[in-house]
Amino acid sequence: MTLSRPLPFGPLDRRTTHLCIDMQNLFAEHTPWHTPWMKRVLPAVVEIAERHREQTIFTRFIPARHRDELPGSWRRYRLVPPAAVIDKRVYSPFTEPSLLRLLRDRGVESLVITGAETDVCVLAAVLDAVDLGYRVVLAADALCSSSDETHDALMTLYRERFSEQIETAETASILAAWTL
């Protein structure tokens with residue numbers, strides 16, 4: 001059992017949203033884009049999403065022009081609704097105007113970020129969120145990559161170089177700090 005520790009910059013409140021990056025079958029199954037330990041972090045991602053369904057936004061990587069062009073499972077998410085979905089064609093979900101609009105409409109100031117991959121789409125989302133002035137909290141046990149080395153390097157970078165802009169914590173600590 002992981003011990004819960006307070007977040008460095010205090011509790012999270014109703015102005016917090018869970019931004020789950022690309023936790024989709026494309027990366028979980030044995031495809032050319034396979035992320036081997038996605039299934040290992042899935043329980044932590046699900047725990048956050050289930051506890052904060054209405055504050056969760058899922059992104060999914062869709063290279064096609066419109067989601068209607070894609071078959072079945074690309075369109076389906078287990079916790080949607082009430083969670084929202086933002087489709088994206090590039091690494092960062094912040095390139096999609098609908099995400100910024102949704103965050104503004106909800107009055108969001110803080111983001112709890114989970115998902116895949118730590119060193120690609122999560123990295124792009126995290127840096128954009130920092131540049132846009134959001135409080136960024138990474139659920140360390142709810143992030144994954146297909147490369148252990150770059151995942152570990154980025155987690156070290158987040159903790160040591162970006163400690164003023166990015167908080168890292170285990171899911172238990174985040175959920176203990178997130179009050180509505």
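Before reading on, note that the structure itself is shown above.
This is a predicted model, so every value here is computed, not measured. (Residues numbered from 1 in each chain as written. Predicted model: local features only at pLDDT ≥ 70, side-chain atom pairs only at ≥ 80, totals over all residues. Heavy atoms only, no water.)

Q: I would appreciate a short explanation of the overall build of the protein in the present structure.
A: Scanning the protein for helices and strands turns up 6 helices and 6 strands. Its helices and strands taken in sequence order, the protein reads β-α-α-β-β-α-β-α-β-α-β-α from the N to the C terminus. In the protein, which comprises 180 residues, the share counted as buried stands at 48%. The long-range fraction of contacts in the protein, counting pairs at least 24 apart against all pairs at least 6 apart in sequence, stands at 78%. Carbon and sulfur atoms form 51% of the exposed surface of the protein, whose accessible area is close to 9400 Å². (Helix = DSSP H or I, 4+ residues; strand = E, 2+ residues; numbered from the N terminus. Buried < 20%, exposed > 50% of the residue type's maximum accessible area, 1.4 Å probe, protein only. Contact = heavy atoms within 4.5 Å. Areas by Shrake-Rupley, 256 points an atom, 1.4 Å probe, with all protein chains shown as cover.)

Q: Can you help me understand the environment of T118 in this one?
A: As for its position among the elements, T118 is in the loop between β4 (110-116) and α4 (121-131). Here T118 falls in the buried class, since its relative accessible area comes to 0%. Between the alpha carbons of T118 and A153 there is a distance of 9.8 Å; along the sequence they are 35 residues apart. Setting aside chain neighbours within four positions, we find T118 in contact with L123, L143, C144, S145, H151, L154, M155 and Y158.

Q: Sorry, what's going on with the sheet that holds strand β1 (residues 16-21) here?
A: Paired through backbone hydrogen bonds, the strands of a sheet run either parallel or antiparallel to each other. If you trace the 6 strands from one edge of the open sheet to the other, you get β3-β2-β1-β4-β5-β6, paired in parallel fashion. Looking along the sheet, the strands with just one partner apiece sit at the ends: β3 (84-88) and β6 (166-169). Adjacent strand axes in the sheet meet at a mean angle of 25 degrees, parallel and antiparallel pairs treated alike. With 5 bridges joining them, strand β2 (residues 56-61) and β3 adopt parallel strand pairing. Bridge pairing links T59 to I86 in β3. Docked against the sheet, helix α2 (residues 38-51) engages β1, β2, β4 and β5 (135-144), running at close to 135 degrees with respect to β5. (Pairing = 2+ DSSP bridges. Axes fitted to C-alpha atoms, helices over the stretch in contact; angles between N-to-C directions.)

Q: Hey, could you run me through the nonpolar core in this one?
A: A general tendency of soluble globular proteins is for nonpolar side chains to be buried together. By size, the foremost hydrophobic cluster in this structure holds 28 residues, and its most contacted members are L7, L12, M23, M38, V112, C144 and I174. The set of elements that each furnish at least two residues to this core consists of α1 (25-28), α2, β2, β4, β5 and α6 (171-177). Counting residues per element, this core draws most heavily on α2, at 6 residues. Not counting residues up to four positions away in its chain, the partners in contact with I174 are L7, L12, V112, V137, L138, A139 and A169. Ranked by size, the runner-up nonpolar core spans 26 residues in total, among them L100, L103, V108 and L154. (Core = buried A, V, L, I, M, F, W, Y, C linked by side-chain atoms within 4.5 Å.)

Q: Hey, could you run me through helix α3 (residues 97-106) in this one?
A: When we look at burial in α3, the residues that qualify are L99, L100 and L103. Mapping the buried residues of α3 onto a view down its axis gives an arc of 95 degrees, with all of them on the same face. Along α3, the residues that are exposed and aim more than 90 degrees away from the buried face are P97 and D105. Where α3 is buried, its residues meet β1, β2, β3 and β4. Among the residues trailing α3, G107 stands out with phi positive, at a value near 70 degrees. (Arc of directions from axis to C-beta.)

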